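Working through the structure, step by step
Letter by letter, the chains look like this.
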Amino acid sequence: MISFGESNIMIGNEERIKSTIKQLLKKQGANYKKLASELGVSLPTVRRFLTSDSLSIERLSKICDFLKITFPELIQISFHEQKETEPLSEELEEIFVKHPDMYTVLRYLGRGIEIADISKQFNLSPKRVQEYLQKLESLKLIQIQKNNFVHVLIRWPAPWRKNGPLFKKFGRDLYWRAVDHFYEKTIQNDGVYNNKGFYFFLDSVLLSHSTYEEYVRDVRQLKEKYYHLSQIEQKSLQPNELKVINALLGIDQVDLLAKVMASPK
């Protein structure tokens, strides 16, 4: 149910919300004709209320049902506001530690990748993929719909639990692979940046305590900004328009160079 308070958000922001609806329709491979059929109205009517007419709360609620999102989620996407995604339960993480391929399938489904593409990219047989899909559905993480369309039931990407099963199993290896990747890339490219978008630096600066706190705050805000944008773009853009971006960042009050040179390997 949509509350009166939420309806006030519509005032002065209809165009932004209509634009978001159009993006989500495109993202989900739907069109005005399908939406018209769902709402029980004519195609010209749908075109009209997504361009010139006002959208009633009742009609918005039906559109949200068609898009399989809630009204608050529609508002969050429209205004670049997303709540932090809850991590998976410890029990689910334990299952994925035992079945990492199944976790990979869920990850890519959450990004909107087609089942056939997941199967091909990770060399998984159709039978194995179907087994994973059925298991994920039994865990209430996805819903298999008509024509093998999969609807992910949880907010994605779900972060790992701090010191949870996934982190304990894969965390150390992931961190070291990231360090090795950026180190090797820096050597290969003879610098920190190239026209393919690679960027990396390791720097040491002298700052006062108050400036250090400001530095950390600015970096945290920047991270949060792009986390929110990532959530929005995953819902509004096609999967082939998105690229996985990896970032490695560490800020601490320690003289690493002195430690390395004092005890070289």
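Residues numbered from 1 in each chain as written. Predicted model: local features only at pLDDT ≥ 70, side-chain atom pairs only at ≥ 80, totals over all residues. Heavy atoms only, no water.

Structural notes on helix α7 (residues 90–98)
Those residues of α7 lying buried are L92, E93 and F96. Each buried residue of α7 sits inside an arc of 100° when the element is viewed along its axis, so together they form one side. For α7, the exposed residues lying more than 90 degrees away from the buried face are E91 and K98. (Buried < 20%, exposed > 50% of the residue type's maximum accessible area, 1.4 Å probe, protein only. Helix = DSSP H or I, 4+ residues; strand = E, 2+ residues; numbered from the N terminus. Arc of directions from axis to C-beta.)

So, the nonpolar core
Counting residues in hydrophobic clusters, the biggest one holds 24 residues, and the most contacted among them are F96, V105, L109, L133, L136, L141 and I142. Among the secondary structure elements, those contributing two or more residues to this core are α7, α8 (100–110), α9 (115–121), α10 (126–138) and β2 (150–152). Here this core gets 6 residues from one element, more than from any other, and that element is α8. Not counting chain neighbours up to four residues away, the residues in contact with F96 comprise L88, M102, Y103, L106, L136, L141 and L166. Judged by nonpolar contacts, the second largest core, of 22 residues, contains L39, L55, L74 and I75. (Core = buried A, V, L, I, M, F, W, Y, C linked by side-chain atoms within 4.5 Å. Contact = heavy atoms within 4.5 Å.)

Re the packing of helix α3 (residues 32–39) against helix α5 (residues 57–67)
Axis separation between α3 and α5 bottoms out at 10 Å; the angle between their running directions is 120°. For the crossing formed where α3 meets α5, the hand is right-handed. Judged by residue contacts, K34, L35, E38 and L39 of α3 engage R59, K62, I63 and F66 from α5. Of the residues belonging to the contact of α3 with α5, the class tally is 4 nonpolar, no polar and 4 charged. (Axes fitted to C-alpha atoms, helices over the stretch in contact; angles between N-to-C directions. Left-handed = near helix turned anticlockwise from the far one by under 90°. Nonpolar A, V, L, I, M, F, W, Y, C, P; charged D, E, K, R; others polar.)

A word on the confidence of the model for the protein chain
Considering every residue of the protein chain, the mean pLDDT works out to 83; 89% of them sit at 70 or more. Considering each helix and strand of the protein chain separately, the mean pLDDT is smallest for helix α1 (residues 4–7), with a value of 39, and largest for α7, with 97. The model gives residues 1–12 a pLDDT under 50, and that stretch makes 14 contacts with residues more than four places away or in other chains. (pLDDT = per-residue confidence, 0-100.)

Some remarks on α8
The complete set of buried residues in α8 reads M102, Y103, T104, V105, L106, Y108 and L109. In this fold, the buried residues of α8 make contact with α7, α9, α10, β1 (142–144), β2 and α11 (165–189). Where α8 terminates, the next one or two residues include G112, which has phi positive at roughly 90°.

Side note on the environment of Y215
One can find Y215 in helix α12 (residues 209–236). In sequence terms Y215 and I251 are 36 residues apart; their C-alpha atoms lie 9.0 Å from each other. The residues touching Y215, leaving out its near neighbours within four places in the chain, are F201, L207 and I251.

What to know about a nonpolar patch on the surface
On the surface, Y199, F201, V205, L207 and Y215 cluster together to form a nonpolar patch covering roughly 490 Å² of accessible area. The residue L207 is located in the loop between α11 and α12 in this model. (Patch = residues over 30% accessible without salt bridge, like charges linked within 9 Å, V, L, I, M, F, W, Y side chains within 5 Å. Areas by Shrake-Rupley, 256 points an atom, 1.4 Å probe, with all protein chains shown as cover. Salt bridge = Lys/Arg side-chain N within 4 Å of Asp/Glu carboxyl O.)

So, unusual backbone geometry
Here the phi dihedral of K140 falls at roughly 60°; this positive angle occurs in a residue that is not glycine. As for its position among the elements, K140 is in the loop between α10 and β1.

Details of the pattern of salt bridges
Within the structure shown, the criterion is met by 3 salt bridges. R128 is the salt-bridge partner of E131, the closest N and O atoms lying 3.3 Å from each other. One end of the pair is E131 and the other is R128, both in helix α10 and 3 residues apart, which spans about a single turn. Across the pair D173 and R177 runs a salt bridge whose closest N-O atoms are separated by 2.9 Å. Of this pair, D173 and R177 are both found in helix α11, 4 residues apart, which corresponds to roughly one turn of the helix. By relative accessible area, which is 41% here, D173 ends up partly exposed. Relative accessible area serves as the criterion here: at 57%, R177 is assigned to the exposed category.

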